[in-house]
Amino acid sequence: MQLITAIIKPFMLDQVRPALEQLGVYGMTVTEVSGFGRQKGHTEIYRGAEYQVSFNPKLRLEMVVDDLQVDAVLDALVSSARTGSIGDGKIWTTPVGALVRVRTGERGTDAL
Amino acid sequence: MQLITAIIKPFMLDQVRPALEQLGVYGMTVTEVSGFGRQKGHTEIYRGAEYQVSFNPKLRLEMVVDDLQVDAVLDALVSSARTGSIGDGKIWTTPVGALVRVRTGERGTDAL
Amino acid sequence: MQLITAIIKPFMLDQVRPALEQLGVYGMTVTEVSGFGRQKGHTEIYRGAEYQVSFNPKLRLEMVVDDLQVDAVLDALVSSARTGSIGDGKIWTTPVGALVRVRTGERGTDAL
Amino acid sequence: MPIDAGDTAWLMLCTALVLFMAPGLAFFYGGMVRSKHVLSMLAQNFAVIAVVSVVWVVVGYTLAFGPDVGGGLLGGLHFAGFANPNDAVPGLHLHVPPIAYATFQMMFAVLTTALLTGAGADRMRFSGFLAFAGLWVLLVYAPLAHWVFSPVGWLARRGLLDFAGGTVVEINAGASALALVLVLGKRRGWPHDAMAPHSLPLTLLGAGILWFGWFGFNAGSALSAGDLAAQALVSTHLAACGGLLGWAALEWRATGHATTLGAASGAIAGLVAITPAAGYVNSGAAIVIGLLAGAAGLYAVRLKFRHGYDDSLDVVGVHGVCGVVGTLAVGLFATHTVNPAGRGLFDGGGLHLLGTQALGVVVAAGYAFAVTALIALVVQKTIGLRVADHMELQGLDRAVHAETAYEHGGGFGSSNRSF
Amino acid sequence: MPIDAGDTAWLMLCTALVLFMAPGLAFFYGGMVRSKHVLSMLAQNFAVIAVVSVVWVVVGYTLAFGPDVGGGLLGGLHFAGFANPNDAVPGLHLHVPPIAYATFQMMFAVLTTALLTGAGADRMRFSGFLAFAGLWVLLVYAPLAHWVFSPVGWLARRGLLDFAGGTVVEINAGASALALVLVLGKRRGWPHDAMAPHSLPLTLLGAGILWFGWFGFNAGSALSAGDLAAQALVSTHLAACGGLLGWAALEWRATGHATTLGAASGAIAGLVAITPAAGYVNSGAAIVIGLLAGAAGLYAVRLKFRHGYDDSLDVVGVHGVCGVVGTLAVGLFATHTVNPAGRGLFDGGGLHLLGTQALGVVVAAGYAFAVTALIALVVQKTIGLRVADHMELQGLDRAVHAETAYEHGGGFGSSNRSF
Amino acid sequence: MPIDAGDTAWLMLCTALVLFMAPGLAFFYGGMVRSKHVLSMLAQNFAVIAVVSVVWVVVGYTLAFGPDVGGGLLGGLHFAGFANPNDAVPGLHLHVPPIAYATFQMMFAVLTTALLTGAGADRMRFSGFLAFAGLWVLLVYAPLAHWVFSPVGWLARRGLLDFAGGTVVEINAGASALALVLVLGKRRGWPHDAMAPHSLPLTLLGAGILWFGWFGFNAGSALSAGDLAAQALVSTHLAACGGLLGWAALEWRATGHATTLGAASGAIAGLVAITPAAGYVNSGAAIVIGLLAGAAGLYAVRLKFRHGYDDSLDVVGVHGVCGVVGTLAVGLFATHTVNPAGRGLFDGGGLHLLGTQALGVVVAAGYAFAVTALIALVVQKTIGLRVADHMELQGLDRAVHAETAYEHGGGFGSSNRSF
Ligand SMILES: Nc1ncnc2c1ncn2[C@@H]1O[C@H](COP(=O)(O)OP(=O)(O)O)[C@@H](O)[C@H]1O
Ligand SMILES: Nc1ncnc2c1ncn2[C@@H]1O[C@H](COP(=O)(O)OP(=O)(O)O)[C@@H](O)[C@H]1O
Ligand SMILES: Nc1ncnc2c1ncn2[C@@H]1O[C@H](COP(=O)(O)OP(=O)(O)O)[C@@H](O)[C@H]1O
C-alpha cells in the first residue's frame with residue numbers, strides 16, 4: 001500500500017472527490033494548510049499600505065491506497081485538480097507498512 | 001523507526017493519550033482534520049432546508065516510534081480509540097529515515 | 001527524493017524560510033498543529049482556577065527534497081529553528097516514491 | 001410647534017438605534033455567507049450607509065418629504081441639500097426639530113437599501129452595487145416613501161396604514177430583491193452546493209442588534225414618546241417572540257430540530273411583519289402576527305429552490321413575504337383602542353381597510369419590482385453588477401477588497417512591501 | 001397621572017437596553033462554553049426571550065403586578081393577557097404609560113430566567129429547558145417580583161429595599177441555579193476536564209453589552225429621568241469598575257496574572273451587587289460595593305469545586321453570592337441623601353434595615369431554591385431536562401440543533417439534499 | 001435650574017452610549033492585532049474604564065470642572081470624591097442633574113485614555129499601562145478638559161470652539177500616542193513584518209459600535225435634547241459617511257481596491273474630525289469635513305513608515321491628524337445659523353476664529369506630547385512600560401494574562417489542576 005499526499009487548490013476538492021469515487025476511492029483525510037512555492041503569495045492591503053502574504057491557502061489530501069491503484073489515482077488527481085495555472089499543487093507517494101481499521105482491528109487492504 | 005499516523009474521533013484523544021503514556025510514548029503531533037469515508041457525513045439544517053455535510057471532524061495523530069514499539073503502539077491505539085461504531089478511523093505506518101531533535105541536534109532514537 | 005517533516009515553534013518560521021531559500025528550497029506546505037512532548041504544556045487561568053493545557057501550538061512543515069539535499073536541509077532546519085529551549089521540535093524524513101506537479105503532470109525531481 | 005425635549009430625545013435615540021441596525025444587518029448577513037465573502041458583505045453594508053445618506057441629503061429627502069409636486073406622487077425640491085432645515089414636513093405636526101425627523105427618515109432609507117445586499121450576496125460588484133444603491137434610493141425608495149410616509153402622499157391619503165414601513169421598507173425590499181437576483185443570476189454552484197453559514201454566532205449577534213434596533217424603527221415611528229410609542233414597542237417585541245416560536249415550532253415538526261438560525265430568522269420575520277402594524281394593533285394581535293410571520297417565513301424561504309431564483313439570504317422570503325403578511329394583518333387587527341387611525345376587520349371595520357392594505361401591497365411590490373429591474377439592467381450593462389467568475393471562486397474578500405477576514409494562525413509569513 | 005415624554009423616553013430606552021442584555025448574556029455565556037456547544041447556548045437564550053415574554057403577557061405580569069389577592073402574596077388577574085393596559089399598577093405613581101412599565105418589567109423576567117442557561121450549560125435539553133422556563137417564571141419569578149417589586153408585596157411593605165433586583169433577580173437566579181444543577185447533575189468529565197472558553201472575545205462582547213444594558217436595568221428602575229436615575233447610573237458604573245478592580249487585583253495576587261475573563265467577571269460581579277443598591281447609596285459606596293463583590297465573586301466561583309456541584313458558568317458564585325453582598329450592603333450604605341426611602345447602618349439607621357435585608361436574602365434564596373428544585377424534578381421526570389450522553393459528547397450544536405457554529409475553512413464538501 | 005426629564009434622559013442615554021464606545025474601541029483595536037495579542041487589547045480597554053473612572057471620581061473631575069483656582073488653569077477641589085453632587089459646574093446652565101454631567105464627562109476621560117491602547121498595542125505591560133493611565137488622566141486629560149470644556153478655562157474664554165473634543169480628546173490622544181510610542185519603542189519585527197489584522201469582522205463590529213456611540217459623544221455634548229443636538233447628530237453621521245467615501249475613493253484610486261478596513265477607518269476619521277465641529281456647522285459642511293478627514297487619514301497613517309515611529313493602530317494618523325483637520329475646519333465652516341457661538345471664515349467671520357482654533361491645536365498637541373512623554377518615561381523607569389521580548393514573541397495573551405483567545409478545536413487535552 002502507498003500513502004498518496006496531494007496538495008491542491010481549496011476549491012478543487014469538489015472536482016477531485018467525484019473523480020476518485022469513480023476509482024472506488026472514498027476514504028480520505030483532508031487538512032487545511034498554507035502553501036509556499038512558486039506561486040508567489042499575494043498582496044493584501046492594510047490601511048492603504050500593500051503587504052505581501054507569502055503563502056496561499058491549500059488543501060492537503062491524504063489517502064492510503066492499494067499499490068495497484070496508485071497510478072490510476074495519481075492520474076485522476078492530476079486531471080481533476082488541474083486548473084493549469086501556477087500553484088495547482090503537488091502529489092507525492094510514500095510507502096505504507098501497516099494499515100489498521102480502528103473499529104474492527106482489520107489489517108492491510110481489508111482495512112481500506 | 002516508524003511514523004505512525006492515526007485518524008481518530010476527536011473526543012477519543014483523552015482516552016488515547018494515557019494508553020500511549022503507559023507505553024512510554026509521550027511525544028505526538030496532533031492536527032485537526034476532516035475525514036471522508038464510509039461514515040457518511042451528516043445532515044445539517046439551514047433555514048428549514050436539510051443539507052449534507054460529507055465529512056466528519058477527526059484528529060490526526062502522528063508519532064515517530066522505535067521499530068520495537070510499533071506493534072504495541074498499534075494495539076494500544078486500536079483499543080483506546082475504538083468506540084465500535086463506524087468512522088473510528090485508520091492507523092498506518094511509514095518508514096522513517098532520519099529523526100533529529102531540533103534543540104540538541106541529537107539523531108535517531110536518541111531524539112525521541 | 002525524501003519528504004522532510006519538521007515540527008517547529010510557530011514564531012521560528014520567519015527564521016526558517018530564509019535559511020531554506022538559501023539552499024534553493026522554496027516549496028513547502030505548512031500546517032498549524034498541537035504538539036505533545038517533553039515540553040509540558042502550560043498553565044492557563046479560568047476564573048481564578050489554574051488548569052493545565054497539555055499541548056503547545058506548533059507548526060508542521062513538510063517539504064519534498066532531492067536526496068542530495070536532505071542533509072543540507074536538515075542542518076539548515078536545525079540551526080534556524082533552534083532556540084535552545086525545550087520544545088524546539090523534531091524533524092524526520094520518509095522516503096518518497098513518486099512526485100508529480102499537478103499543473104504540468106511533470107514527475108520526479110522535475111516536479112520540485 | 002414647540003419642541004419637546006422628551007420627544008426629541010426619543011426620536012434621536014431611535015435614529016441612533018436605526019443606524020445601529022445597519023452594522024447589525026451586516027453581521028446578520030455576514031455570518032451567513034462563507035468566510036471568503038464575509039468582508040464583502042460588511043463592506044457593502046457599511047458603504048451603503050454612506051452612499052444612501054449623502055444621496056438622501058442632496059435630493060432623496062426632498063423627493064420623499066418635500067411639499068408635493070402634485071397628485072401625491074413626489075416631493076418638490078424645497079429640502080434639496082437639506083435646505084430650510086427648520087421647516088416642517090407638510091402635514092406633520094411634531095414636537096421635534098424637523099432636522100431630527102429628516103435624519104430619522106434617512107436611516108430608514110439606509111436600512112432598506114442595505115437589505116438588498118442579502119439578496120445579491122457573494123457575487124455583486126462593489127462599485128456596481130453602490131451605483132445601483134444611489135439610483136435605487138432616488139427612483140424606488142423616495143417615491144414609495146412619499147406615497148406612504150408623507151401625509152400628502154397618494155397612498156397615505158387613500159388611508160393605507162403603514163406604521164413603520166411594511167410597504168415602503170419590507171415589501172419594497174423583497175420585491176426589489178427578486179428583481180435584482182433575476183438580473184444578477186445565480187451564484188456559481190447554486191443550488192447544488194450548500195453554502196452553509198460560516199459563523200452563526202456572528203449572525204446571532206446581528207439578530208440581537210436588529211431586535212434591539214427595531215424598537216427604534218417601530219416605536220420611533222410614533223414620533224413622540226407617549227402611549228403610542230409604548231404600545232408599538234411592546235408589539236414589536238411580542239411579534240419577534242411570536243415569530244421565533246412560530247418558525248422554531250414548525251421547523252422542529254418538519255425536521256426534528258429547532259435550529260439557532262431558525263430562531264433568529266423567525267424573530268426577524270416577526271419584526272418584519274409587525275413593522276406596518278406596530279402602532280395599530282394590541283399586544284395579543286402582535287403575538288399572532290408574529291406567529292403567522294414565523295410560519296410564513298419558513299415556508300417562503302423554500303420558494304427559491306422551487307422557482308430557481310437565487311435570493312442568497314432570503315430577502316424575498318423573509319422581508320417580502322412577511323411584509324405582505326404584516327401589511328394585510330393591519331386590515332384585520334387594527335383597533336381603535338390603540339390608534340384611532342383605523343379599524344380592521346376584527347374591530348368592526350369591515351373589509352375596507354383590508355382592501356386598502358392589499359392595494360398598498362400590490363402597488364409597492366409592482367412598482368419596486370419593475371423599477372428595480374430596470375435600474376439593475378442599466379447598471380449591469382454599464383458599470384457591471386456582477387464580478388467575474390474567478391473572483392467569485394476565490395472569494396470577494398480577497399478578489400475585490402484585497403483582504404482576508406480571519407487570520408487566526410498568527411499570520412506568519414507576511415511582510416510589508418515597502419516602508 | 002399625566003404622562004411625561006422625558007420619563008417615558010427614558011423608560012422605553014431602558015426597556016430596549018434590558019432586552020439588549022439578553023443577546024449580551026448569550027454571548028457572554030456562549031464565549032465561555034466549548035465551540036461544540038455555543039449555538040445551544042445562543043438558541044436557549046434567544047428562545048427564552050420568546051417563551052418568557054409570552055408567558056408574561058398571558059399571566060406572569062398580572063401575578064406579579066396585579067392588584068393583590070391578599071397578604072401581599074400574589075397579584076390577581078386584572079392584567080391577565082395584558083388586559084386593562086391603561087390601568088396603573090396599584091401603589092405606583094408614574095408619569096409613564098402603564099404598558100411601558102409592564103414591558104420594562106417583562107424584560108426583567110426574561111433576563112432573570114436567561115441567567116439559568118449559564119448554570120445548566122452544555123447538557124440541558126432544549127425543549128425541557130423551555131418548559132422549565134415557562135413554569136419557573138410563573139411559580140418562582142412572578143411571586144418574588146410581587147413580594148418585592150410591587151409596592152403592595154409583603155416584603156416591600158416590610159421595608160425591604162431592592163432597587164433593581166438584588167433579591168428578585170440575582171439571589172433568585174443564584175439559588176435557582178443551584179437547585180437546577182443539583183437536579184441536572186454534572187457535565188461528563190467535570191471537574192477533571194478543564195472545559196476552557198472557546199472564544200473570550202465573544203465573552204467580552206457579551207460583557208460589554210451587559211455593562212451597557214445594566215444602565216437601563218438599574219437607572220431605568222428609577223422609573224423617571226431625574227436625580228435618582230442619574231445617581232443610579234453613576235453608581236452602577238462605579239460598582240462595575242470596583243468589581244473589575246477587586247477581582248483583577250486578587251486574581252493577580254493569587255496567580256500572578258490578571259485575566260481578561262477575570263476583569264469581565266469582576267465587572268459583572270460589581271454590577272450584580274449594585275443592582276439592589278443603585279438608587280440608595282452614593283458614589284463612594286458604589287465603588288466599595290463593587291470592590292467587595294469582585295473579591296467575593298472570585299472566591300465564590302471556587303466553591304463549586306469544593307462542594308462538587310457543576311454550576312457550569314458560575315451563576316451561583318457570581319449572581320447568587322454577589323447578589324447577597326449587594327442586598328446586605330444596602331443595609332450598611334443606604335443614605336437618605338440619595339434616597340429618603342431608607343438609612344443604613346452608616347447613615348445612622350442602626351441595624352433595622354440590615355435585618356430586613358437579611359430577611360429578604362433568606363426568603364428569596366429559600367423560596368427560589370425549593371420551588372426551582374421541584375419544577376426541575378417534574379420536568380426531568382416528564383419531558384426530560386438533560387440530553388443523552390452521546391449528544392453531550394458530540395456537542396449540543398450538532399446533536400440538538402443540527403448546526404455547526406463556525407465553518408471557517410470555507411465549507412467544502414456540503415451539498416443540498418433536494419431542491 | 002429646574003431639571004428637565006427630556007434633557008436628562010438624553011444626557012443619560014448619551015452617557016451610556018459613550019461608555020459603550022469603550023468595548024467598541026476594544027473590538028475595533030482587538031480585531032486589528034494578531035490573535036496572540038487580542039485579549040491583551042481587550043483587557044487593557046476594559047481595565048482602563050475602571051482605573052480612569054475611579055481616578056475621575058476621586059480627583060479628576062474636580063481638577064477639570066471644579067471652580068477655577070485661577071487663570072483658567074485648573075479646577076479646585078470642590079468636587080473631590082464627587083463631593084457636593086448637587087452643585088452645578090461654574091458657568092454651565094443645564095437642566096440636568098449635575099451628577100449626570102459629571103458622569104457624562106467621566107466617559108469622555110475613559111474613552112480618550114483608552115485610545116492610547118491602540119498606539120502601544122502588542123508590547124505594553126498591563127500594570128505599567130494602568131499606572132500610566134491613572135497619571136495621564138490627572139496630568140494631561142484633566143487640565144486640557146479644564147482649559148477647553150470648562151466655561152471658565154482659559155482656552156474656552158479665548159473663544160476656542162471645541163464642541164465635543166477635537167482638542168481635548170482627539171489631538172490630545174494623537175499627540176500623547178506619539179510621545180508614548182517614542183518612549184515605548186517599536187514592536188519586534190516592525191516595520192518588516194506585516195502584522196495583519198486577525199479578525200476584520202471584530203474590527204467592523206467595533207466600528208459599528210463606535211459609530212453608534214459617537215452620536216452620544218457629539219450630540220450628547222449639546223447637553224440638551226433640542227435643535228442643537230439634532231444638528232450635531234446629523235452632522236456626526238454625515239461626517240462619518242464623508243470620511244468613509246473619502247478614504248475608500250482614494251484607496252481605490254491608489255491601489256485598485258477599496259478595503260473594508262479602509263471604509264471603517266474612513267468613517268472613524270470622519271467622526272474624529274466632526275467631533276469639534278458637530279454643533280457649529282451645517283450638514284453640507286459636515287460632509288465636506290468628513291471627506292477631508294477621510295483623505296487626510298489615509299495619507300497620515302503612512303507617515304509612521306516614513307518617520308519610523310511604530311504607532312501600531314494609527315492613533316496619531318487617525319485621531320491626531322483628523323482631530324487637527326476638524327478643529328481647524330471649525331474656523332472655516334462655523335456658521336451662526338447653527339450656533340450663535342461663532343462664525344468661521346465662510347460665514348463672514350474672517351480669520352479670527354481660525355487663529356483661535358490654530359492656537360488650540362498647538363497648545364493641545366504641545367502640552368499633551370510633552371507631559372505624556374514625561375509620564376511614560378517615569379513609568380518606564382519605575383514599574384516598566386514594556387514587556388520582555390519573549391513575552392511579546394509568545395503573545396501577550398498567554399504571557400501576561402495566562403489565557404488563549406480562541407479555542408475552536410474543542411480544547412482537547414486540558415485538565416483542571418486541583419479541585
Ligand atoms: N517541495 C515541496 N514540498 C512540499 N510541498 C510543496 C513543495 N513545493 C510546493 N509545495 C506545495 O505545493 C503548492 C504549489 O506549489 P507551487 O510551486 O506554488 O506551484 P506549482 O506546483 O504549480 O509549480 C505549494 O503551495 C505548496 O503547498
Ligand atoms: N484510504 C484512506 N486514506 C486516508 N484516510 C482514510 C482513508 N479511509 C478513511 N480514512 C480516514 O479514516 C476515517 C474513518 O474512516 P471510515 O471509512 O469513515 O470509517 P471506518 O474506518 O470505521 O470504516 C475517515 O473519516 C478518514 O479521515
Ligand atoms: N515522537 C514524536 N512523534 C511526533 N512528534 C513528536 C514526537 N515527540 C515530539 N514531537 C513533536 O515535537 C514537539 C517538541 O517535542 P518536545 O519533546 O516537547 O521537545 P524537544 O524536542 O525539545 O525535546 C512536540 O510538541 C511534538 O509536536
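Remember, predicted model here, so these are calculated numbers, not experimental data.

1. Quick word on the interface of chain D and chain F
Link 1 in the chain: With 52 residues of chain D in contact, the opposing surface of chain F contributes 48 residues.
Link 2 in the chain: Both sides together, the interface formed by chain D and chain F hides about 4200 Å², and carbon and sulfur atoms give 76% of it.
Link 3 in the chain: Taken together, the connections running from chain D to chain F amount to 0 salt bridges.
Link 4 in the chain: Along the contact surface separating chain D from chain F lie 7 residue pairs in polar contact (both at pLDDT 80 or more).
Link 5 in the chain: Among the elements of the structure, α1 (5-32), α2 (38-65), α3 (98-119), α7 (200-220), α15 (396-401) and β1 (414-416) of chain D are those that each provide at least two residues to the side of chain D that touches chain F.
Link 6 in the chain: If you tally residues by element for the side of chain D that touches chain F, the top one is α1(D), at 13 residues.
Link 7 in the chain: Across the side of chain D that touches chain F, the residue classes break down as 38 nonpolar, 12 polar and 2 charged.

2. Let's talk about the relation of the copies chain D and chain F
Two copies of a chain can be linked by a rotation about an axis combined with a shift along that same axis.
Link 1 in the chain: Once turned by 120 degrees and shifted 0.0 Å along the axis, chain D lies on chain F with an RMSD of 0.0 Å. Look at the turn and shift together and you get a three-fold axis relating the two. For chain D, the minimum C-alpha distance to the rotation axis belongs to D:Gly6 and amounts to 2.2 Å.

3. A look at the site of ligand 2
Link 1 in the chain: Neighbouring ligand 2 are 22 residues, the closest being A:Thr29, A:Arg101, A:Arg103, B:Arg38 and B:Gly87.
Link 2 in the chain: Residues lining ligand 2 come from chains A and B.
Link 3 in the chain: The contact in question runs from an oxygen atom of ligand 2 to an N or O atom on the backbone of B:Gln39, over 3.0 Å.
Link 4 in the chain: Protein chains bury 97% of the 550 Å² of accessible surface belonging to ligand 2 in isolation.
Link 5 in the chain: With 3 residues, the top contributor of residues to the shell around ligand 2 is strand β5 (residues 56-65) of chain A.

4. As for the site of ligand 1
Link 1 in the chain: Taken together, 22 residues surround ligand 1, and among them A:Arg38, C:Thr29, C:Val64, C:Arg101 and C:Arg103 come closest.
Link 2 in the chain: Those residues lying near ligand 1 are distributed over chains A and C.
Link 3 in the chain: Taking A:Asp88, its main chain carries an N or O atom lying 3.4 Å from an oxygen atom of ligand 1.
Link 4 in the chain: In the complex, the protein chains occlude 97% of the 550 Å² of accessible area that ligand 1 would expose alone.
Link 5 in the chain: Those elements that provide at least two residues to the shell around ligand 1 are β2 (28-36) and β6 (90-95) of chain A together with β2 (28-36) and β5 (56-65) of chain C.
Link 6 in the chain: By residue number, the principal contributor to the shell around ligand 1 is β5(C), which donates 3 residues.
Link 7 in the chain: Taken together, the residues of the shell around ligand 1 break down into 8 nonpolar, 7 polar and 7 charged.

5. A closer look at the packing of α1(D) against α3(D)
Residues and elements named next belong to chain D.
Link 1 in the chain: In contact at an axis separation of 9 Å, α1 and α3 are set at 10 degrees when each is read in the N-to-C sense. Judged by the angle between their axes, α1 and α3 are roughly parallel. Contacts between α1 and α3 involve Leu11, Cys14, Thr15, Val18, Leu19, Met21, Ala22, Leu25 and Tyr29 on the former and, on the latter, Ala100, Tyr101, Thr103, Phe104, Met107, Phe108, Val110, Leu111, Ala114, Leu115, Thr117 and Gly118.
Link 2 in the chain: The residue makeup of the contact of α1 with α3, split by class, is 17 nonpolar, 4 polar and no charged.

6. Details of the sheet that holds strand β3 (residues 42-46) of chain C
Strands in a sheet are paired, the pairing made by backbone hydrogen bonds, and the direction either parallel or antiparallel.
Link 1 in the chain: In spatial order, the strands read β3(C)-β4(C)-β1(F); together these 3 strands make up an open sheet with antiparallel pairing. Looking along the sheet, the strands with just one partner apiece sit at the ends: β3 of chain C together with β1 (414-416) of chain F. This sheet shows a mean twist of 35 degrees between the axes of neighbouring strands, independent of strand direction.
Link 2 in the chain: Note that strand β4 (residues 49-53) of chain C and β1(F) share 3 bridges and pair antiparallel. Following the sheet pairing, C:Gln52 is matched in β1(F) by F:Ser415.

The rules behind these values
Residues numbered from 1 in each chain as written. Chains lettered and ligands numbered in written order. Predicted model: local features only at pLDDT ≥ 70, side-chain atom pairs only at ≥ 80, totals over all residues. Heavy atoms only, no water. Contact = heavy atoms within 4.5 Å. Buried area = accessible area lost by both parts, 1.4 Å probe. Salt bridge = Lys/Arg side-chain N within 4 Å of Asp/Glu carboxyl O. Polar contact = N/O pair within 3.5 Å; in protein donor to acceptor, adjacent residues only side chain to side chain. Helix = DSSP H or I, 4+ residues; strand = E, 2+ residues; numbered from the N terminus. Nonpolar A, V, L, I, M, F, W, Y, C, P; charged D, E, K, R; others polar. Least-squares fit on C-alpha atoms with pLDDT ≥ 70 in both. Near = heavy atom within 4 Å. Areas by Shrake-Rupley, 256 points an atom, 1.4 Å probe, with all protein chains shown as cover. Axes fitted to C-alpha atoms, helices over the stretch in contact; angles between N-to-C directions. Parallel < 35°, antiparallel > 145°, perpendicular 65-115°, else oblique. Pairing = 2+ DSSP bridges.

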